[in-house]
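# Structure assessment
Chain by chain, the residues run as shown.
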Amino acid sequence: MVAFGKKLKARQIQEWQAYYINYKLMKKKVKQYAHQIEVGTLERRHVLKDFSRMLDNQIEKIVLFLLEQQGLLASKLAKLREQHDTLEQQPEISQITELREGYRVVGYDLLKLLYFVEMNAIGLRKILKKFDKRFRYRFTDYYVKSRANHPYSQLQQVFKHVGLGAVVGAVSRNLHELQDCQGSYLSIYDPPALPLQVSPIHTCDHFSSDFSSKLLYDNKDMVMLFYLDHLQDPVVDSIKAAVDRLTHSTNFLNFMAQHALIMQEELPAPAEEQIDEERYHYVSLLLNLANTFLYMVNTYIIVPTADNYSMSLGAAATVCGIVIGAMAVAQVFSSVYFSAWSNRSYFRPLVFSSIVLFVGNAMYALAYDLNSLTMLLLGRLFCGFGSARAVNRRYISDCVPLKIRMQASAGFVSASALGMACGPALAGILQINFKIYKLTFNAMTLPGWVMAVAWLVYLIWLWFSFKEPSRDVEENNSPHASDSETAEKNTLEKGLKQPLLITSEEQQEDDEDAEADGSEEVSQESRRPATSIASAYRLLTPSVKVQLLIYFMLKYAMEILLSESSVVTTYYFSWSTSTVAVFLACLGLTVLPVNIVVGSYISNMFEDRQILLASEIMVCVGILLSFHVIIPYSVPQYVCSGLIMFVSAEVLEGVNLSLLSRVMSSRLSRGTYNGGLLSTEAGTIARVIADATITMAGFLGQSQLLNITLLPSLLICVISIAATCFTYNSLY
């Protein structure tokens, strides 16, 4: 990983070098402040005042240069507008071509300016974070709030790129107008219409019919021009991509993407952007998301009927814990080999996953007619061995272009949430009973048969439609890289909000010192991915370990709630399978609305660590309210406490992974043993232990099941709250 200071220096436009943020100077100043405060020669309030003044000066330098360049672009556009107006009266093909080329030149100048703003915005964001980290002070909040909404704000020019939008609009509109010569009255401001057929009689708005007809039949260049009329000009595409990168994305998409722990590089190399485009295939992305959706449906479709299925095979109802958890047990191992397999291919792991899941679901369904609990458990184990979520995450990280990676990441989370809701809902619908030959189709076996058919259909679609991303591009771009580095070239190294720690605080200081001394690159060791689970664990800082503990806790609490819901509600309320299915589906449907509210509103009003701690406390409250203390145990108590626990856990998961994406070591953003794998393993192990707890607690009788299983949830929750309070100041 190359430090930002080196990237900034390498990608500066040389003639504009004096107008970029002086990131190196400001970083040295932060270290100098820290030393002066430590020895007592400077007070904190003086540091804040001096640093604020320095930032203001840097921003003013950037903004004044930005305004100067905007004025130059506006002047060029005004001259082109005069030519355009003249051309409307007396059109000539050579002048049209020349005018379009003039707008393209301005477009490329605009691109340079957009890149200039982008790099300075990232530099400002990074130096503010560095200051916050060094002094344990929320200076960023104060500085941005005090400057952003001020009537004379210069910060708005950088972060909101005020004024550039008008230039972008002028270039795009005029290029579009010069291209749109088919008699259409639409403009870039109108909604898109159906594509028009190109025909010899289409005429330009400003050209006479005779003139245009003559050009079409006599000038082959003009014929080609007409065929390209409705294609977007490349420079407009580039400008749009640059603006999208600059504005980046909405808070909701950021929140959802971090929920998936799919991190994003802030300043990609142009070569990497080109590689992304060459590797991207829309249908393959849809297949990847479909795999995510189907797997979550497969996980939860058996929950409402697992207790009845266990009893029909002669086991206790609480054996449903083992039946449900068998899938998670296998997933602990499958996550590792699928993560390793994705270093070489994406297509073959997805094919293998589909086949194994087809076989596993068929075995699950056949267990009823074979009267075999062993077959039932083996079927669920096979389903777990087909878990390709590591491949799903990796595909988005490696093969989706940066400009839509946030949307794809949000799609991953949405597919998971919808699958979680659809699974129980589908089980509630499958309340029929019939036989074909010796095969029984009822509420217990139909989930297996339906999912087997679904995976077979998916496999056929996958086989004919999936496009394996080319890896030759990576090899050609890095001929001297090792095999592991080549395979990981496109893996994301940094989150949307850059990690504040590299491997540890000492490692970060070493990297900063190396950069200050002018070294070419950081040590090879600091860039090498982890080679085992043990080495990955050693890279975790105390705050990251706490966040993985929180993730373990919330997954444990959610699994206890979901997996034992059928047994508990049948014992206390005599709920039918359909009622349980509706309850679980309603819980699943809360996921997306909750994420929208948190990502779009709550995260803007409070710090992530504040939301984290509040969510943990609410999970604890939900667990406490779930205990059977008051007699009789009522439906409102169970439903309300379950809803509080589930919704709070969902909020907690999103915020926790958002924080985790910032402080996770960059070495854990790539390779087989990456941060996504660690979080998946933590959550999967939590589910395994929770399901085993349900089965073991069943030996004490169903009357004790609820309280016995809630006790470990309460204990782990209290421990995680204490750990969060202990590391609160290190969470950002």
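Nothing here was measured: the structure is a model prediction, and the numbers come from that model.

Before going further, it helps to examine the overall build of the chain. Counting its secondary structure elements, the chain contains 32 helices and two strands. In the chain, which comprises 732 residues, the share counted as buried stands at 56%. Sequence separation of 24 or more characterises 82% of the internal contacts of the chain that already satisfy a separation of 6 or more. Counting every atom, the chain has about 31500 Å² of accessible surface; 62% of that belongs to carbon and sulfur.

Enumeration over the complete set of coordinates arrives at six salt bridges. Between Glu-101 and Arg-104 there is a salt bridge whose closest N-O contact spans 3.3 Å. With a gap of three residues between them, Glu-101 and Arg-104 both fall in helix α4 (residues 93-135), about one helical turn apart. Taking the relative accessible area as the measure of exposure, Glu-101 reaches 41% and is therefore partly exposed. Note that Glu-559 and Arg-687 form a salt bridge whose closest N and O atoms lie 3.5 Å from each other. Linking Glu-559 in helix α25 (residues 542-563) with Arg-687 in helix α31 (residues 675-697), this pair joins segments that are 128 residues apart in sequence. This pair shows no difference in class: Glu-559 is buried, exactly as Arg-687 is.

A word on the nonpolar core. If you look at the biggest cluster of nonpolar residues, it comprises 117 residues, and the most contacted ones within it are Tyr-458, Leu-462, Phe-466, Val-619, Ile-623 and Phe-646. Here this core takes 14 residues from α25, the largest share from any one element. Beyond its immediate sequence surroundings of up to four residues, Ile-623 is in contact with Ala-557, Met-645, Leu-710, Ser-713, Leu-714 and Cys-717. In terms of nonpolar packing, the next biggest core, distinct from the first, is built from 43 residues, Tyr-23, Leu-55, Ile-127 and Leu-175 among them.

Its place among the elements puts Ser-345 in the loop between α15 (320-341) and α16 (347-370). A polar atom in the side chain of Ser-345 sits 3.4 Å from the backbone nitrogen of Phe-347.

Moving on: the environment of Ala-388. Position of Ala-388 among the secondary structure elements: in the loop between α17 (373-385) and α18 (389-399). The class of Ala-388 is buried, set by a relative accessible area of 1%. The spatial distance from the C-alpha of Ala-388 to the C-alpha of Ser-354 is 9.1 Å, given a sequence separation of 34 residues. In contact with Ala-388, not counting residues within four places along its chain, are Asn-291, Phe-338, Leu-350 and Ser-353.

In contact at an axis separation of 11 Å, helix α13 (residues 282-300) and helix α20 (residues 446-465) are set at 165° when each is read in the N-to-C sense. Here α13 is positioned roughly antiparallel relative to α20, judged by the angle of their axes. Viewed along their axes, α13 and α20 form a crossing whose handedness is left-handed. Seen from α13, the contacting residues are Val-283, Ser-284, Leu-287, Asn-288, Ala-290, Asn-291, Leu-294, Tyr-295, Val-297 and Asn-298; seen from α20, they are Met-451, Ala-454, Trp-455, Tyr-458, Trp-461, Leu-462 and Ser-465. Split into classes, the residues belonging to the contact of α13 with α20 amount to 12 nonpolar, five polar and no charged.

Attention shifts here to unusual backbone geometry. One non-glycine residue, Asn-371, adopts positive backbone phi at about 50°. With respect to the secondary-structure elements, Asn-371 resides in the loop between α16 and α17. Of note, the phi angle at Ser-574 is positive, near 60°, even though the residue is not glycine. Considering the arrangement of structural elements, one finds Ser-574 in the loop between α26 (565-573) and α27 (577-589). With a relative accessible area of 61%, Ser-574 lands in the exposed category.

Each value, and the rule that gives it
- Residues numbered from 1 in each chain as written.
- Predicted model: local features only at pLDDT ≥ 70, side-chain atom pairs only at ≥ 80, totals over all residues.
- Heavy atoms only, no water.
- Helix = DSSP H or I, 4+ residues; strand = E, 2+ residues; numbered from the N terminus.
- Buried < 20%, exposed > 50% of the residue type's maximum accessible area, 1.4 Å probe, protein only.
- Contact = heavy atoms within 4.5 Å.
- Areas by Shrake-Rupley, 256 points an atom, 1.4 Å probe, with all protein chains shown as cover.
- Salt bridge = Lys/Arg side-chain N within 4 Å of Asp/Glu carboxyl O.
- Core = buried A, V, L, I, M, F, W, Y, C linked by side-chain atoms within 4.5 Å.
- Polar contact = N/O pair within 3.5 Å; in protein donor to acceptor, adjacent residues only side chain to side chain.
- Axes fitted to C-alpha atoms, helices over the stretch in contact; angles between N-to-C directions.
- Parallel < 35°, antiparallel > 145°, perpendicular 65-115°, else oblique.
- Left-handed = near helix turned anticlockwise from the far one by under 90°.
- Nonpolar A, V, L, I, M, F, W, Y, C, P; charged D, E, K, R; others polar.

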